[in-house]
Amino acid sequence: MLSQQHSLVRRLATRIRLNATRMVAIQGFGYLGQALSSAEVFATLFGGAVLRPGRDRFVLSAGHYVIALYAAAAEVGLLDRAELAGYGRDGALLEAIGSERTPLVDMVCGSLGQGLSAAVGFALAAHLAGEQRATFAFLSDGELEEGQVWEAAMFASHQRQRMGRLVAIIDANNSQVDGPVSAVTTLEPMADKWRAFGWQALEVDGHDIAALTQALTCDFAGAPLALIARTSCVGRLRCLPATLDAHFLKLDEPLRAALEQELTRELQSADA
Amino acid sequence: MREPPYATVLKPYGEALTTLARTRRDILCLGADLTRQTETDLFRDAIPERFFNAGMAEANMIGIAAGLARAGHVVFVNTFGVFCTRRCFDQIAMAVAYPRLNVRLVGFMPGLSSPGGPSHQAIDDVALMRALPNMLVLEPADALEIRQAVVALADHIGPAYMRLKRGESPLIFEEAHRLQLDRAQHLTGHGKSDACLIAAGMMLPAALAAARTLQREGLGVAVLNVPVIKPLDVDTILAAAREARVIVTAENHSIIGGLGSAVAETLAGAGLGVPLRRVGIADVFAESGSREYLFSRYGLDTQAIVRTAWEALGRAGPVPRAISMPAAPGTYAPV
């Protein structure tokens, strides 16, 4: 039963990658790497009965990942699939970087490092209202370079009794504009940093559905949870070189065709 | 209006907010390690469950306020004006102004009212907040306006920035005075005037004293109080400007981007060729010092307004001396 659920989420992750590839293909460039690295996280959140839409709060701190949110939302009936074709186009509903027009999220931040603070505000509001809501904030590893993230981490830990179920999910894909995060600055040891700030920290393979599901549904109390999802911008796809810098990917026709083929095959074998 | 030197009220903001919050349960109060200095010790002591100290972390405080506001609260965020705006500008722009949330940023110690030197002197806060879409910018002139502003802000839809003098606030207006979030007030000198003085906040008492000084010389002087710098009450300002030979704005702020700039844009946009002079901080960083010293040294005193109007009118003879107004302890008079 559990494995059946996991295979549905696994299929959703592949659909997210395929949708994102097609969305980016229209203009030939975009934030595809973000969708490839975070597909399992978004699939688990939205397809694994982890996040309860309309009840739990979801803050997308790294607004460039909104492509993955759109791609997931269209699959689970929260967004009209036809809207996907407009991604990043002039006048379309779905902007390339998340904005106030972005559906489905409580707060979306294109200016990085700001989302965890808003999530803390939502968590505090739920506490004040006596509401049983979980608060999820999606962050990228690169934005941990912003000091505000650590201000928020410090505050949340200090107010731990008032944070309810607060989870920061960090997509640690080791990619930022200027190259690998590790070449720009030293974030490691990432989990220890969160622990030192009074959080519980878990590190999982961010492409492992079972591990993500277990971490996101674990029974934790006493301190907010930082879930570090170790991922790759090429999302383990064989047709992409492991060294590809996919932060802002130019998708030429041969690459698009190869991605389409590999992802379609993955879906077919899942259905078989 | 009352007569100077004005009686003063201690902590009118903190009292008004605490009183209102007792019945308005949606009001929350956030601070950044300046609780007593922002008069919110009153709130903290009365309603501790709705007071949160973010510590010295303004950027995070703005984000938390945004989350709380989006969840339905009216959030008053309190710190010094300089830290409230300059330090967390992007956070305010993206997390508060853009989503049009009910966050009220309250910045104390405007302009050169801070003795702390450039690090503590908010000389560009109005310019910064005025540039943000959706943001209301407010600078009450006295304790009565502060009390009324708190009530008005609690009901206002959208974000607002209010700059407030710290400590004792003068009582300039009579009880019947009404602050409205879309109105300037033409206080004195109706009809044709030689000079129209347009002032906000701490510069209103100086403008009133300057008007009296100039009137004694036989000049017709109008005084406008502009507690709401954005949205600017263009109609009231243009109506007074059309009757005046010269306009002098007075603000405890850089002359770039604040009230003077807003009036200049209004006059130019309406095609009025009336000469405009801006009294304010002349595009410089100031220094540490007492209010009296700094206001005199940087041209924010009554005498500066008198001199500016006098010269703009091309009057012959020496500039009249501003009426001196010694203030007894517990009272307030302009420098």
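Everything numeric here is computed off the predicted structure, so don't read it as measured data. Throughout this description, residue numbers start from 1 for each chain and increase along the sequence as written. To read the labels, note that chains go from A and ligands from 1, taken in the order they are written. Two thresholds apply to this predicted model, a pLDDT of at least 70 for residue-level local features and 80 or more for giving and counting side-chain atom pairs, whereas whole-chain, interface and lining totals are computed over all residues.

1. Here's the deal with the overall build of chain A
Okay, so step 1: Summing up its helical and strand segments, chain A has nine helices and eight strands in all.
Okay, so step 2: It is over C-alpha atoms that the radius of gyration is taken, and the globule rule equals 2.2 Å times the number of residues to the power 0.38. Rg of the C-alpha trace for chain A: 18 Å, near the compact-globule value of 19 Å for 272 residues, within the 12% margin.
Okay, so step 3: Its C-alpha atoms give chain A principal-axis dimensions of about 50 × 40 × 40 Å.
Okay, so step 4: Here a residue counts as buried when 20 or more other C-beta atoms fall within 10 Å of its C-beta, as exposed when 12 or fewer do, and as partly exposed in between; the C-beta atoms come from the backbone. Split into buried and exposed, the 272 residues of chain A put 51% on the buried side.
Okay, so step 5: A pair of residues counts as a contact when their C-beta atoms, built from backbone coordinates, are separated by no more than 7 Å. Within chain A, counting contacts between residues at least 6 apart in sequence, those at least 24 apart form 77% of the total. Strands here are runs of E lasting at least two residues and helices are runs of H or I lasting at least four, both read from the DSSP assignment and numbered beginning at the N terminus.

2. Topic: the overall build of chain B
Okay, so step 1: In terms of regular secondary structure, chain B is built from 12 helices and 15 strands.
Okay, so step 2: The C-alpha radius of gyration of chain B comes to 19 Å, within 12% of the 20 Å expected for a compact globule of 335 residues.
Okay, so step 3: Residue burial in chain B is summarised as follows: out of 335 residues, 57% are buried.
Okay, so step 4: The long-range share in chain B, meaning contacts at least 24 apart out of those at least 6 apart in sequence, stands at 79%.

3. A look at the packing of helix α3 (residues 58-70) of chain B against helix α5 (residues 89-97) of chain B
Residues and elements named next belong to chain B.
Okay, so step 1: α5 packs onto α3 with a crossing angle of 5° between their chain directions and a minimal axis gap of 9 Å. Considered as vectors, α3 and α5 are oriented roughly parallel to each other. Residues Ala59, Ile62, Gly63, Ala65 and Ala66 of α3 form the contact with α5, whose participating residues are Gln91, Ile92, Ala95 and Val96.
Okay, so step 2: Tallied by class, residues from the contact of α3 with α5 come to seven nonpolar, two polar and no charged. Orientation is described by axes fitted as lines to C-alpha atoms, over the contacting stretch for helices, and by angles from 0 to 180 degrees between their N-to-C directions. Roughly parallel covers angles under 35 degrees, roughly antiparallel covers those over 145, roughly perpendicular covers 65 to 115, and oblique covers all other angles. Charged means Asp, Glu, Lys or Arg here, nonpolar means Ala, Val, Leu, Ile, Met, Phe, Trp, Tyr, Cys or Pro, and polar covers whatever is left, Gly included.

4. Concerning the nonpolar core
Okay, so step 1: Among the nonpolar cores identified, the biggest contains 215 residues, and Leu227(A), Ala65(B), Leu197(B) and Ala207(B) are the most heavily contacted of them.
Okay, so step 2: Ignoring any residue separated from it by four or fewer positions in sequence, one finds Ala207(B) in contact with Leu197(B), Ala199(B), Val223(B), Ala250(B) and Ile305(B). Linking buried Ala, Val, Leu, Ile, Met, Phe, Trp, Tyr and Cys residues through C-beta atoms within 7 Å yields a set, and such a set is a nonpolar core.

5. A closer look at the interface of chain B and chain A
Okay, so step 1: Taken together, the 19 residues of chain B in the interface contact 18 residues of chain A.
Okay, so step 2: Element by element, the count of residues in the side of chain B that touches chain A is highest for α3(B), at nine residues.
Okay, so step 3: Looking at the side of chain B that touches chain A residue by residue, the class counts come to 12 nonpolar, five polar and two charged.

6. Comments concerning the confidence of the model for chain B
Okay, so step 1: Confidence of the predictor at the level of single residues is given by pLDDT, which spans 0 to 100. Across chain B, pLDDT averages 97, with 100% of residues at or above 70.
Okay, so step 2: The ipTM assigned to the predicted complex is 0.94, against a pTM of 0.96.

7. Points about the sheet that holds strand β5 (residues 103-108) of chain B
Residues and elements named next belong to chain B.
Okay, so step 1: On the basis of which strands lie adjacent, the open sheet formed by seven strands has the order β3-β2-β4-β5-β7-β6-β12 and mixed pairing. If you trace the sheet from one side to the other, it starts and ends with β3 (51-53) and β12 (228-230), each paired once. On average, each strand axis in the sheet is inclined to that of its neighbour by 20°, with strand direction left out of account.
Okay, so step 2: On the sheet, α3 packs against β2 (27-31), β4 (74-80) and β5 and is oriented at approximately 165° with respect to β4.
Okay, so step 3: On top of the sheet, helix α7 (residues 143-155) reaches β2, β4, β5, β6 (136-138) and β7 (160-164); it is set at about 165° to β7, its chief contact. DSSP calls a pair of strands paired once it identifies at least 2 bridges connecting them.

8. Observations concerning helix α5 (residues 147-158) of chain A
Okay, so step 1: Between its first and last C-alpha, α5(A) extends 17 Å over 12 residues, near the 16 Å set by a 1.5 Å rise per residue.
Okay, so step 2: Within α5(A) the residues assigned to the buried category are Gln148(A), Val149(A), Glu151(A), Ala152(A), Ala153(A), Phe155(A) and Ala156(A).
Okay, so step 3: For α5(A), the secondary structure elements touched by its buried residues are α4 (115-129), β4 (134-140), β5 (165-172) and α7 (190-196) of chain A together with α3 of chain B. In this analysis, the expected span of each helix is defined as 1.5 Å times one less than the number of residues it contains.

9. As for the environment of Leu249(A)
All names here are of chain A.
Okay, so step 1: Along the chain, leucine 249 turns up in strand β8 (residues 249-250).
Okay, so step 2: Using a count of 25 C-beta atoms within 10 Å as the deciding quantity, one classes leucine 249 as buried.
Okay, so step 3: With 224 residues separating them in the primary sequence, leucine 249 and alanine 25 have C-alpha atoms 10 Å apart.
Okay, so step 4: If sequence neighbours within four positions are ignored, leucine 249 has contacts with Val24, Phe29, Gly30, Leu32 and Gly33.

10. Some thoughts on the packing of α4(A) against α3(B)
Okay, so step 1: Put simply, α4(A) and α3(B) touch, their axes get as near as 6 Å, and they point 45° apart. On the basis of the axis angle, α4(A) is oblique to α3(B). Here α4(A) and α3(B) pass one another in a crossing that is right-handed. Along its contact with α4(A), which presents Ser117(A), Ala118(A), Ala119(A), Val120(A), Gly121(A), Phe122(A), Leu124(A) and Ala125(A), the element α3(B) presents Asn60(B), Gly63(B), Ile64(B), Ala65(B), Ala66(B), Gly67(B) and Leu68(B). Note on convention: the crossing is left-handed when the near helix lies turned anticlockwise from the far helix by less than a right angle, right-handed when the turn is clockwise.

11. Re the sheet that holds strand β14 (residues 276-281) of chain B
Backbone-to-backbone hydrogen bonds join strands into a sheet, with any given pair of strands oriented parallel or antiparallel.
Residue and element names in this part refer to chain B.
Okay, so step 1: Across the sheet, which stays open at both edges, the five strands sit in the order β9-β11-β10-β13-β14 with mixed pairing between neighbours. The two strands at the open ends of the sheet, each matched to only one other strand, are β9 (185-188) and β14. Averaged over all neighbouring strand pairs, the angle between strand axes comes to 25°, with direction disregarded.
Okay, so step 2: Bridging between β9 and strand β11 (residues 221-225) involves three bridges; their strand directions are antiparallel. Each bridged residue has a counterpart across the sheet, and for threonine 188 the counterpart in β11 is valine 223.

12. Observations regarding the pairing of β5(A)
Residue and element names in this part refer to chain A.
Okay, so step 1: Burial within β5 is extensive, with seven of its eight residues counted as buried.
Okay, so step 2: Crossover handedness is defined by viewing with both strands directed away from the observer: a clockwise path from the first strand over the helix to the second marks the crossover as right-handed. Viewed along the sheet, the connection from β4 through α5 into β5 turns out right-handed.
Okay, so step 3: The pairing of β5 with strand β7 (residues 225-230) spans six bridges and is classified as parallel. Across the sheet, alanine 168 pairs through a bridge with alanine 226, a residue of β7.

13. Quick notes on unusual backbone geometry
Okay, so step 1: Look at the link from Glu188(A) to Pro189(A): it is a cis peptide, with omega at 0°.
Okay, so step 2: Within the element layout of this structure, Pro189(A) appears in the loop between α6 (181-184) and α7.
Okay, so step 3: In the segment running from Pro4(B) into Pro5(B), the intervening peptide bond is cis, with an omega of -10°.
Okay, so step 4: Residue position: Pro5(B) is located in the segment before β1 (6-10).
Okay, so step 5: We note that Asn174(A) has phi near 55°; this positive angle belongs to a residue other than glycine.

14. Remarks on the environment of Arg166(B)
All names here are of chain B.
Okay, so step 1: Tracing the chain through its elements places arginine 166 in the loop between β7 and β8 (168-170).
Okay, so step 2: The spatial distance from the C-alpha of arginine 166 to the C-alpha of phenylalanine 80 is 9.0 Å, given a sequence separation of 86 residues.
Okay, so step 3: Look past the residues within four positions of arginine 166 in its chain and what remains in contact with it is Gln37, Phe108, Met109 and Ser113.

15. Points about the environment of Gly115(A)
Residues and elements named next belong to chain A.
Okay, so step 1: Residue position: glycine 115 is located in helix α4.
Okay, so step 2: For glycine 115, a count of 33 C-beta atoms within 10 Å puts it in the buried group.
Okay, so step 3: Taking C-alpha positions, glycine 115 is 6.8 Å from alanine 137, a pair spaced 22 residues apart along the chain.
Okay, so step 4: Leaving out residues up to four positions away in the same chain, glycine 115 has contacts with Val59, Leu60, Ser61, Met107, Cys109, Ala137 and Leu139.

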